[in-house]
Amino acid sequence: MIKNNKMRELELYVHIPFCVRKCAYCDFLSAPAGREVQEAYVEQLLREIRGSGSAFGEYEVQSIFFGGGTPGILETDRLCQVLTRLKQEFACAEDAEVTVETNPGTVSEEKLCRYLEAGVNRLSLGLQSMDDRELSLLGRIHTWEQFLDSYGAARKAGFENINIDVMSALPGQTVESFRRTLKKVLALEPEHLSAYSLIIEEGTPFYERYEGHPELLPSEEEERRMYYDTKEMLAAAGYRRYEISNYAKPGYECRHNLGYWERTEYRGYGLGAASLLGQVRYTNQTELTEYLKGNTRGTSEPLTEQAVREEYFFLGLRKTDGVPLGAYGAHYEELIKKLTAQQLLEERDGRIRLTDRGIDVSNYVLAQFLD
Amino acid sequence: MAAVDQSKIRNFCIVAHIDHGKSTLADRIIEKTGLLTSREMQSQVLDNMELERERGITIKAQTVRTVYKAQDGEEYIFNLIDTPGHVDFNYEVSRSLAACDGAILVVDAAQGIEAQTLANVYLALDHDLDVVPVINKIDLPSAEPQRVMDEIEDVIGIEAQDAPLISAKTGQNVDEVLEQIVKRIPAPSGSPDNPLQALIFDSVYDPYKGVIIFCRIKEGTVRKGTPIRMMATGAEADVVEVGYFGAGQFLPCEELSAGMVGYITGSIKNVKDTRVGDTVTDRERPCAEPLPGYKKVQSMVYCGLYPADGAKYPDLRDALEKLQLNDAALQFEPETSIALGFGFRCGFLGLLHLEIIQERLEREYNLDLVTTAPGVVYRVHKSSGEMIELTNPSNLPDPSEIEYMEEPMVSAEIMVTTEFIGSIMELCQERRGIYLGMEYMEETRALLRYELPLNEIIYDFFDALKSRSRGYASFDYDFKGYVQSELVKLDILINREEVDALSFIVHGASAYDRGRKMCEKLKDEIPRHLFEIPIQAAVGGKIIARETVKAMRKDVLAKCYGGDITRKRKLLEKQKEGKKRMRQIGNVEIPQKAFMSVLKLDDKK
C-alpha cells in the first residue's frame, strides 16, 4: 500500500434520504419518494459536488460512503454517476474504501455487478433479525429469505467485504431468538458486523408505541444477556470488536467509520449531511424542498478548543484501541486516575482505552470527559 | 382636612371561598366609586404581589379607601379591607375582621357554600360583624341563585332573599352592593377625644418611611408627633405621618380619629415591633386596656432551606432577612446538615406560607433551593422534666431521655358532595383523623368534621383531598392544641449512611407505611450508580423497609457516526448536567428534587 504522506486524509459521505418505507423505529432523515423526486435529488447532488473538490487539492480521499435511507433504491446508473463525479472531483486513494448501504430486497445481482464495476468495494446490508415476525414488528420491508437472496447475490457478484447490521432488544425478541440470528449470520461469514441495541427515539412510531411501556420490550436482564452474547459469540467466531457496536474480521474494520471516531476530516453531500473541515462542523440543509432548490447550505458550528478536546475523547474512546493521551493527558489527569481506579479505563503506553466494564457503561464514562 | 363625620364611614371586608370572586368584586367597587377608571385599573388592584395575582389568592391584607356618592345624595367613605384568603393566615384574617364593622359575603352562584365560606362567615360573626350576602357569578350558565340563597339561610342562618345577584366580572348589579354597604353595614363608633386605641391589622416595611402600620382607630385621635407605644411589644415611636390608602399608594392626611382606617409611620425599623393584633396607644395618655385578641403568631410548619449551591449561603441569609422585614411570621435560624451543608431552619404559618416564601426566594432573589420535608413543632417532654419544642427531627433526644411526646392537632371541616363522603372519610382515617361528626348542608352535600394531626395534613393532604373528590371537596382547619402521641423518628439510610435531611417524625403506626413509600419513591429518584445502592428506612436503628437501586451495568449509545456527533454530545451533556444537580452523600449522588419528592406520597389517585 503506497500512501502519499504529504496528503491530508479526507472521507466523503453521500446521503440518500430515500427508502421504500420508513421503519417504525427510524429517526434518520429519510422517507419514501417517487422517481421524479429521486431524479431531482441526484441532479442537485451532482450540482453540489461539482466544483467542490477544488478546495481539497491537498487531500486524498480514503473512503466514500453512501448512506441513507436506502441508497440501493436509486437507479443504478444514477448512483454510479454520483460516484464517478466524486472520483473526478477528488484525488482518491487507490485502495479507497467505497461502501453502499442497502436493504435486502432492493438489489439484484446485476445491480451489484454494476456497483463493483463503478468502484464500490464494500456493501452494508441492513438485516436486523432473522426472525420474520421481529422484522415485521420493526416495519422492515424484507424477510430472512429475501436477505439470503441479496446476500447470495452480493457474493456471486463478487463482493468480498460485506457488513451485516443486526439489532438486539427488539419487540418480541427473546434471548434465544437473538442467538439464532447471530448463529445464522455467523454461518454466512460476513467480513463485518454491526450490532446495535434498539433505541426508542422520540418522534418515531416506536416512541408512541413503547415509550413508558418497558413491559412490551425485552427486560433489562434479557437485553444485557443479548449484549453479552453478541460479544461472546462474535469473539468466538473470530471477529474483533474494534468499536462499541462494531466487529470485524482482521483487516476489515470500516475505515470510513473509524474516520469519524478518529476525527479525520470529512465532507458530506446531500440532505442534512454533516462535514468536519478544519475544526468546523457543518450540517447541510435538512429541508428537502429547500435542498432541491439549491439551498444546500445549513448550519456551521466552529468547535472550540474545549469541544475538540472533548470530542477527541468521547469519540476516540469508542474504539477498543482507545486514544493516545498526547497533550491532553494533563488536563484529564484526575479523571483518568479516578476512572482507572474504578476499572473503567486502562492506561498503557500513553494510550487510554475503556475496559470491558467501561464499554458496558460507556455513556457514564464518556460524559465525564465533558467539562 | 375637616373632621370626618363618623356616620358617613363604612369599614368592611369581603369574605369568600377561594375563587368565588372576592378580588373581582373589590375591583368593581373601587372602579364604581370612581377612585380609578377601569383603564387605570390593573386587574385586581388589591392583590399587588405578582405571586398573589398568579395564584389568585391574597397573601397580605390590602386596604383601600374610596368615596361613594349614595342614592341618598350623601358621600360615604368606604374603607375596604381585603383579608388574606387562606387558612394559613387565619390569625391575620381575624385581626382584619376586627378592624371592620361589617362584611360582604360573596358566594358563587354555581358552587354555593364551601368550606372556607363557612369558616370565614363564622369568623366574621364571631367578631359581631354584620354580614351582607352577595350572590356572584350569576352570568354563569350553571348559576342557581335561588338554591344558593336558600342554602345561605339554611346553613348560615342569615337573611339572604334580598341578596344582590351580581356578576362582578361584568359589573352587573354591583351598584346594589354599594347601596347595601351604606344601608346594612353600621357606621363606626368611638370618640375622637378618648385616649388613643388603635388596632394594628397589618404592617409593611418601606425602605424610606420605615414600618408602615395599618390600623383601625377604635378610640381617640392620632396625628403627626403623637408619641405612640405598641402595648404588647412595648415598642415606642413618634408619629411622623398619618394617612389613608389610595389604590396602591399612601395619601397623607392631618389626623386619623376614632372610626377611621389608615396608616401610621414613625421611623420604626422592624415589623417585629408592630405585630398584627397589637394595640397602638398614646404613651403620654394611654388607654386603660389593649384591645382584645392579640396573640403572637407561632410558626406551625418548619423546614430546612438550603442553597443548592453552597456558596450562595450568604445570599440566602440576606434574602431571608429582607423577606422578614415585611413578614413577621417568617422565622429562620442557621442550621447545618451533614447531607446539605449550611442552611436555615425556617418556620412558617403553614404550607402555603412556606411555598410562597420558597417561590419568592427562587424568583425574586434568584436562588436555587433544596427544601427538606416540612414538619410541625413537636413537644418533647424529657424524663428530666424539661420540655423542648422540636422543629428539626435531627435534634430529637435519645429515646431513653424521652418521657413522652406531643403533637399539634387541628379541627378540620371538609365540605364534600355526598358521593365522595366514603373516600374522604377513608382518607381522614388513613391520616389518623378522629371523626367528630357530619352535617348535611343539603341533599347532595355534607360537612365532615374531623380532628386531625397537623403533621398528617401538611404534606399532601390537600392534593389527596382534591384527587379523591375529583376536585369537589373544600377544606378548612383551625389549630386546636397539643395531644400526647406515639411518635417516632424515621431515618432514611442511603447506601447504609443516614441522611439527616430525610429524617422525619411520624406516628408509630404509620412508620412502616411511610418508610416503605419513602424507599419506593427514593428508588425512583436516585439514578443508577456503578454499584448497588440499598435504600433503607429505620426506626430506632431497626430497618423497617428496604429498596435497592440496581447497579448500572449497561449504559451504551449504540450508534455514533458523522451525522450524530452533535446530537450525541447533547445527550452526554444532559447526562453530565444532571450530575451537577446532585448532592453527594458518601459515594451516592442524590438529585436535589429527591429531597422534595418524598413529600408527595399519597398513592390513591
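First, a word on scope: everything that follows refers to the structure included in this document. (Residues numbered from 1 in each chain as written. Chains lettered and ligands numbered in written order. Predicted model: local features only at pLDDT ≥ 70, side-chain atom pairs only at ≥ 80, totals over all residues. Heavy atoms only, no water.)

Some details on the overall build of chain A
Convention followed: Numbering of helices and strands runs from the N terminus, with a helix taken as a DSSP run of H or I at least four residues long and a strand as a DSSP run of E at least two residues long. A 1.4 Å probe and the Shrake-Rupley method give the accessible areas. Residues count as covered only by the protein chains that appear here.
Of regular secondary structure, chain A possesses 14 helices and 15 strands. If you sum the accessible surface of chain A, you get close to 15,700 Å²; carbon and sulfur atoms cover 48% of it.

A few points about the sheet that holds strand 13 (residues 323–324) of chain A
Residue and element names in this part refer to chain A. In plain terms, the rule: Strand pairing is assigned whenever DSSP identifies at least 2 bridges connecting the two strands.
The antiparallel open sheet is built from 3 strands, whose spatial order is 13-15-14. Edge positions in the sheet fall to strand 13 and strand 14 (345–348), since each has one partner strand and no second. Note: strand 13 against strand 15 (residues 351–354), 2 bridges, orientation antiparallel. Across the sheet, residue Val323 finds its bridge partner in strand 15, namely Ile352.

Side note on the packing of aromatic side chains
Here is the rule: Stacked, edge-to-face and tilted are the three classes for Phe, Tyr and Trp ring pairs, Trp counted by its six-membered ring, which pair at centre distances within 6.5 Å; planes under 30 degrees apart are stacked, over 60 edge-to-face, the rest tilted. Three exposure classes are used, based on accessible area relative to the maximum for each residue type with a 1.4 Å probe and protein chains only: buried under 20%, partly exposed in between, and exposed over 50%. Any Lys NZ or Arg CZ that is within 6 Å of a ring centre and within 35 degrees of that ring's normal is treated as a charge sitting over the ring.
This structure, assessed with the given rule, holds 35 aromatic pairs over all chains. For the pair Phe313(A) and Phe369(A), a centre-to-centre distance of 5.0 Å together with 15° between the ring planes defines the contact as stacked. Residue Phe313(A) is located in helix 11 (residues 305–316), and its partner Phe369(A) is located in the segment after helix 14 (362–367); the two are separated by 56 residues in the primary sequence. In terms of burial, Phe313(A) and Phe369(A) fall into one category: buried. Joined through ring pairs, the aromatic side chains of Tyr312(A), Phe313(A), Tyr328(A), Tyr332(A) and Phe369(A) make up one cluster. Over the ring of Tyr482(B) we find Arg379(B); its NZ or CZ atom is 3.8 Å from the centre of that ring. The ring of Tyr227(A) carries Lys554(B) above its face, with NZ or CZ at 5.2 Å from the centroid.

Here's the deal with the nonpolar core
What counts is decided by this rule: We call a set of buried residues a nonpolar core when its members are Ala, Val, Leu, Ile, Met, Phe, Trp, Tyr or Cys and they connect through side-chain atoms within 4.5 Å of each other.
Ranked by size, the top nonpolar core spans 82 residues in total, and within it Leu361(B), Ile414(B), Phe461(B), Ile494(B), Ile526(B) and Phe595(B) carry the most contacts. With 6 residues, the single largest contributor to this core is strand 23 (residues 402–417) of chain B. Judged by nonpolar contacts, the second largest core, of 61 residues, contains Val308(A), Leu325(A), Ile336(A) and Leu572(B).

Details of the sheet that holds strand 7 (residues 210–219) of chain B
Note on sheets: strands pair through backbone hydrogen bonds, and any given pair is parallel or antiparallel. Residues and elements named next belong to chain B. Operational definition: Interaxial angles span 0 to 180 degrees and are taken between N-to-C directions of axes, which are lines fitted to C-alpha atoms, for helices over the stretch in contact.
One open sheet holds the 8 strands; their spatial order is 10-9-15-6-7-14-11-12, and the pairing between them is antiparallel. Edge positions in the sheet fall to strand 10 (236–238) and strand 12 (250–253), since each has one partner strand and no second. Averaged over all pairs of adjacent strands, the angle between strand axes in this sheet comes to 40°, irrespective of strand direction. Note that strand 7 and strand 14 (residues 261–265) share 5 bridges and pair antiparallel. By the bridge assignment, Arg216 is partnered in strand 14 with Val261.

Looking at the interface of chain B and chain A
Filter applied, for reference: Contacts between residues were defined by any pair of non-hydrogen atoms, one from each residue, lying within 4.5 Å. Joining two parts hides part of their accessible area as seen by a 1.4 Å probe, and the buried area is that hidden amount summed over both. Any Lys or Arg side-chain nitrogen found within 4 Å of a carboxyl oxygen on Asp or Glu counts as a salt bridge. Any pair of N or O atoms that falls within 3.5 Å is considered a polar contact. Within protein, one atom must be able to donate a hydrogen and the other to accept it, and sequence-neighbouring residues count only if both atoms are side-chain atoms. The residue classification treats Ala, Val, Leu, Ile, Met, Phe, Trp, Tyr, Cys and Pro as nonpolar and Asp, Glu, Lys and Arg as charged. All others, Gly included, are polar.
Taken together, the 24 residues of chain B in the interface contact 41 residues of chain A. In total, about 3,200 Å² of surface goes out of reach between chain B and chain A, with carbon and sulfur atoms giving 55% of it. Ranking the residues of chain B by area buried against chain A places Leu530(B), Lys554(B) and Arg569(B) at the top, with a combined share of 21%. The partner of Arg528(B) in a salt bridge is Glu220(A), and the shortest N-O contact between them spans 2.4 Å. Linking chain B with chain A are 13 residue pairs in polar contact (both at pLDDT 80 or more). Residues that form the side of chain B that touches chain A fall into these classes: 9 nonpolar, 4 polar and 11 charged.

Focus: the pairing of strand 25 (residues 445–453) of chain B
All names here are of chain B. Of all 9 residues in strand 25, 8 are buried; the element is thus mostly enclosed. Two strands pair when backbone bridges link them, and strand 23 and strand 25 are joined in this way by 9 bridges, in the antiparallel orientation. The partner of Glu413 across the bridge, within strand 25, is Arg449. Hairpin connection of strand 24 (residues 434–442) to strand 25: 2 residues between the antiparallel strands.

Section: unusual backbone geometry
Between Gly68(A) and Gly69(A) the backbone carries a cis peptide bond, its omega angle lying at 15°. Looking at where Gly69(A) falls in the secondary structure, it is placed in the loop between strand 2 (59–68) and helix 2 (76–89). Phi is positive for Asp349(A), which is not a glycine, with a value near 50°. Classification of Asp349(A) by relative accessible area gives exposed; the value is 75%. Even without being a glycine, Asp128(B) presents a positive backbone phi close to 60°. Here Asp128(B) is to be found in the loop between helix 4 (115–126) and strand 5 (130–136). The exposure class of Asp128(B) is exposed, given its relative accessible area of 66%.

Description of the pattern of salt bridges
Enumeration according to the criterion identifies 69 salt bridges over all chains in this entry. Note that Lys8(B) and Asp5(B) form a salt bridge whose closest N and O atoms lie 3.5 Å from each other. Residue Lys8(B) is classed as buried on the basis of its relative accessible area of 19%. For Arg223(B), the salt bridge goes to Glu255(B), with nearest N and O atoms at 2.7 Å. Remark: Glu255(B) occurs in strand 13 (residues 255–257) and Arg223(B) occurs in strand 8 (residues 221–223); sequence separation between them is 32 residues. Here Arg223(B) falls in the partly exposed class, since its relative accessible area comes to 40%. Connected via shared salt-bridge partners are Glu176(A), Arg179(A), Arg225(A), Asp229(A) and Glu232(A).

Focus: the side chain of Ser129(A)
Structurally, Ser129(A) is set in the loop between strand 4 (122–128) and helix 4 (132–138). Within polar-contact distance, the side chain of Ser129(A) engages the backbone nitrogen of Asp131(A) at 2.9 Å.

Points about a negative patch on the surface
Residues and elements named next belong to chain B. The condition is simple: Exposure above 30% relative accessible area and the absence of a salt bridge qualify a residue for a patch, where like charges join within 9 Å and nonpolar side chains (Val, Leu, Ile, Met, Phe, Trp, Tyr) within 5 Å. We score Asp and Glu as negative and Lys and Arg as positive, and we do not count His or the chain ends. Lysine's charge is taken at NZ, arginine's at CZ, aspartate's at CG and glutamate's at CD.
Where like charges cluster on the molecular surface, the negative patch consists of Asp309, Asp315, Asp318, Glu321, Glu362 and Asp368. Sort the elements by how many residues they give to the negative patch and helix 7 (residues 313–325) lands first, with 3 residues. Along the chain, Glu321 falls in helix 7.

Remarks on empty space enclosed by the protein
Residues and elements named next belong to chain A. Heads up, the rule is: A pocket, in this scheme, is an open set of points on a 1 Å grid over the protein atoms alone with protein on both sides within 12 Å along at least 5 of 7 lines, while a cavity is a set where a 1.4 Å probe fits but cannot get out; residues line either one if an atom lies within 4 Å of a point. Grid points are joined across faces, edges and corners, and a volume is the space filled by probe spheres set on the points.
Enumeration over the complete set of coordinates arrives at 5 cavities of 30 Å³ or more. Considered as a void within the structure, the largest cavity measures approximately 150 Å³ in volume. For the largest cavity, the lining is made up of 14 residues, of which Ser168, Ala195, Tyr196, Ser197 and Tyr227 are closest to its centre. Its residues assigned to classes, the lining of the largest cavity shows 7 nonpolar, 4 polar and 3 charged.

Details of the side chain of Asp229(A)
Residues and elements named next belong to chain A. For Asp229, the location among the structural elements is in helix 8 (residues 220–236). The class of Asp229 is buried, set by a relative accessible area of 4%. If near-sequence neighbours (up to four positions away) are discounted, Asp229 is found in contact with Val175, Arg179, Leu182 and Leu234.

What to know about the pairing of strand 3 (residues 92–102) of chain A
Residue and element names in this part refer to chain A. Heads up, the rule is: The path from the first strand over the helix to the second decides the hand: if it runs clockwise while the strands point away from the viewer, the crossover is right-handed.
Taken together, the 5 bridges between strand 2 and strand 3 define a ladder with parallel strand orientation. Counterpart to Val61 in the pairing with strand 3 is Cys92. Handedness of the strand 2-helix 2-strand 3 crossover: right-handed. Here 4 bridges tie strand 3 to strand 4, and the two strands are oriented parallel to one another. Note on strand 4: the bridge partner recorded for Thr102 is Leu125.

Looking at the environment of Val276(B)
Residue and element names in this part refer to chain B. Residue placement: Val276 occurs in the loop between strand 14 and strand 15 (279–282). Judged by its relative accessible area of 13%, Val276 is buried. A sequence separation of 20 residues divides Val276 from Lys296, and the C-alpha atoms of the two residues are 8.2 Å apart. Not counting the four nearest positions on each side in its chain, Val276 is found in contact with Tyr91, Glu92, Arg95, Ile200, Phe201, Asp202, Tyr294 and Lys295.

A look at the packing of helix 2 of chain A against helix 3 (residues 109–118) of chain A
All names here are of chain A. To keep it simple, the criterion reads: By definition in this entry, angles of less than 35 degrees are roughly parallel, angles greater than 145 are roughly antiparallel, angles of 65 to 115 are roughly perpendicular, and the rest are oblique.
The geometry of helix 2 relative to helix 3 is characterised by a closest axis approach of 10 Å and an angle of 10° between their N-to-C directions. In terms of orientation, helix 2 and helix 3 fall into the roughly parallel class. When helix 2 is examined against helix 3, the residues Thr76, Asp77, Leu79, Cys80, Leu83 and Lys87 are found in contact with a partner set consisting of Lys111, Arg114, Tyr115 and Ala118. Residue classes in the contact of helix 2 with helix 3 are distributed as 5 nonpolar, 1 polar and 4 charged.

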